[in-house]
Each structure stands twice: as structure tokens, then as C-alpha cells.
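# Breakdown of the fold
Next come the chains, spelled out residue by residue.
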Amino acid sequence: SANNSISEQVEHTIIGIEPGAGLTGLSEKTLEEYDNLEGWELEESSTAGMLTLLGQAIENEEPIIVTGWAPHYKFTQYDLKFIEDPKGTLGEVESIHTIARLGFEEEMPNAYKILDAFEWEVEDMEKITFDAQTSSIEEASADWIESNPEKINGWLEGTEKVDGKEIDLVSTPWDSERASSQVLATVLEQQGYDVTVSDVDPAILFEAVANGKADASISPWLPTTHNSFYEKYKEDLVDLGPNLTGTQNGFVVPEYMDIDSIEDLEP
Ligand code: PBE
């Protein structure tokens, strides 16, 4: 069948990303949970490596299956689709949450208020990550900030400026979170904070907030992508709830591929 030939043509391999990504763990679980994926492999690499292989496949109109997520500019750059995941092992539509260390609210009430109020839409994040393709996350974030004073004023409502207080944020190295953390860091700097953002693996991010080495993060994808880390550390951190809703993980293929569901793949 056509699907059988797709499975053979991609050599029963899903092109993955970084080993430490939440999505990598979910993808491994997916290979285990679907009987039809018996014998399939997840080829871990990096986000840049995955995007290179995706671009090459599309240029040659060849089949490829990658681990993907939205928001991400690859959906603007190429015609792509998520294939269905009837078992839901890659998660439903989820949110990005804000988390803080214990004691942060009491010790830094103004910063806490700003982080608690911080929220935006998928379109905002997408705009920055797309524009950054022709400039940089820093420039695209600065442009977004300049164009959205009302949103930013909303986050600052009822807070006071400070004088050089240090705040340590942890984030992850993907564009979506580089964008959000850059925006928040710039806004906090404008309020007088001395901000450090460290990009780390999700496991390290949760550990740093839980042991108080970092003050906060606006990068966790929940309830599924980073669930294993959240479960491990939830007693030792504060979850301030979603700052963006509408993220999605999945197996992603070019539109020209005649396949709709993970269940269509063959062992
Ligand atoms: N991602 C993008 C990350 C979080 C943001 C889905 C690739 C992950 O941990 O899998």
C-alpha cells in the first residue's frame, strides 16, 4: 500500500530533536504504545538538525516524519500537517505555564505581580519567532514590545519600579521560549531589574526553580510535555498558571504525504 511504502521510504524512522526535550520523551513513549510502531526508531538530533532534514526532504518532495510542535515558524515556512495521535501520547493542546521558587512572592512582590500578570497569545509568540528569521530574537522582541504597549501596561498594572534588584530567570533553548523570555526580560529591565536569563534543558529548569537557584520561569509546557519534571518538583515550586494557551506537539509531515494518522504507519 501507499502507507507501507511511506514507512519503508522513511526507513521506519521518526526524525527527533534534542534528547533532553520533553517532546523526545513523549515520542519514545509513543513508539512504545502504538503496536504498529513496533520496530520504529526515533533518531534524536537537534532542532536545527531536524529542520535541515525537513527542508531537504521538502526540496526533493520526499517523505519525512519529524517530531514537531506549534507555535513554530516551520508551519509558516512550509506546508505541513500534524498526523493524528488517537492514543494522545504526544498530548492534547496545552499551555505554557509560569512557575516561581518558594518565597519569591514574599521577597520580590513587584516582580511576582508582573510574572503573575504576564500572558499573551500564540500569535504574539509566532510573530516574534517568524520575524526573527530575518533579524534576531532580540530585534524581533524589541519590535513586538514597541508595538504592544497596552499588553505590557496590563502586565505592569499596580506594580512599582525597583532599583537594580537581581532576578534570575531560567528558560529553554527553543525559539518560542527564547522569544517569551526575551520579552519578559526586557520589560523587567525597563522596570529597574537586573535580569539574567539562562537557557537550559527542561529537567535543569525545574530543578533550578525548585532548589531556589533560579527565581522563576515562563517556559514550562504543561500538563503533558514537561509533566515528568513537574511531578518530580511540584512540592518545591509555585505554579502561577498558564501564560499562553494553544501549544501542540505531534508527529509532523509535509502536506504532500498521503498519511493522516500515526495508526496508518506500518511495522
Ligand atoms: N518543545 C518546544 C520543547 C518545549 C518547547 C516542545 C520542543 C520540549 O521540551 O519538547
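## Structural notes on the domain arrangement of the protein chain
Domain parsing of the protein chain yields domain 1 (2–92 + 249–264) and domain 2 (94–246). Tallying the contact residues gives 16 residues for domain 1 and 18 residues for domain 2. Carbon and sulfur atoms supply 66% of the area buried between domain 1 and domain 2, which totals about 1300 Å² over both sides. Summed over the shared surface of domain 1 and domain 2, the number is zero salt bridges. Taken together, domain 1 and domain 2 are joined by five residue pairs in polar contact (both at pLDDT 80 or more). Of all elements in the fold, only helix 2 (22–33) and strand 3 (66–70) reach the threshold of two or more residues within the side of domain 1 that touches domain 2. Counting residues per element, the side of domain 1 that touches domain 2 draws most heavily on helix 2, which supplies three residues. Split by residue class, the side of domain 1 that touches domain 2 holds eight nonpolar, six polar and two charged.

## Notes on the packing of helix 8 (residues 137–147) against helix 9 (residues 149–156)
The contact between helix 8 and helix 9 brings their axes to 5 Å, and the two run at 85 degrees. One finds that helix 8 runs roughly perpendicular with respect to helix 9. In contact with Trp-144, Ile-145, Glu-146 and Ser-147 of helix 8, helix 9 contributes Pro-149, Lys-151, Ile-152 and Trp-155.

## Topic: the layout of surface pockets
When its volume is computed, the largest pocket comes out at roughly 240 Å³. If you trace the largest pocket, you find 14 residues lining it, with Ile-15, Ala-57, Glu-62, Pro-63 and Ile-64 closest to the centre. Examining the composition of the lining of the largest pocket, we find that three residues originate from one element, helix 3 (residues 47–59), more than from any other. By residue class, the composition of the lining of the largest pocket is seven nonpolar, four polar and three charged.

## Quick word on the environment of Gly-88
Among the secondary structure elements, Gly-88 is positioned in the loop between strand 4 (80–82) and strand 5 (94–101). Remark: the alpha-carbon pair of Gly-88 and Lys-74, spanning 14 residues in sequence, is separated by 22 Å.

The rules behind these values
- Residues numbered from 1 in each chain as written.
- Predicted model: local features only at pLDDT ≥ 70, side-chain atom pairs only at ≥ 80, totals over all residues.
- Heavy atoms only, no water.
- Domains from an automatic or database assignment.
- Contact = heavy atoms within 4.5 Å.
- Buried area = accessible area lost by both parts, 1.4 Å probe.
- Salt bridge = Lys/Arg side-chain N within 4 Å of Asp/Glu carboxyl O.
- Polar contact = N/O pair within 3.5 Å; in protein donor to acceptor, adjacent residues only side chain to side chain.
- Helix = DSSP H or I, 4+ residues; strand = E, 2+ residues; numbered from the N terminus.
- Nonpolar A, V, L, I, M, F, W, Y, C, P; charged D, E, K, R; others polar.
- Axes fitted to C-alpha atoms, helices over the stretch in contact; angles between N-to-C directions.
- Parallel < 35°, antiparallel > 145°, perpendicular 65-115°, else oblique.
- 1 Å grid on protein atoms, 1.4 Å probe; cavity = no way out; pocket = protein on both sides within 12 Å on 5 of 7 lines; lining within 4 Å.
- Points joined across faces, edges and corners; volume = space filled by probe spheres on them.

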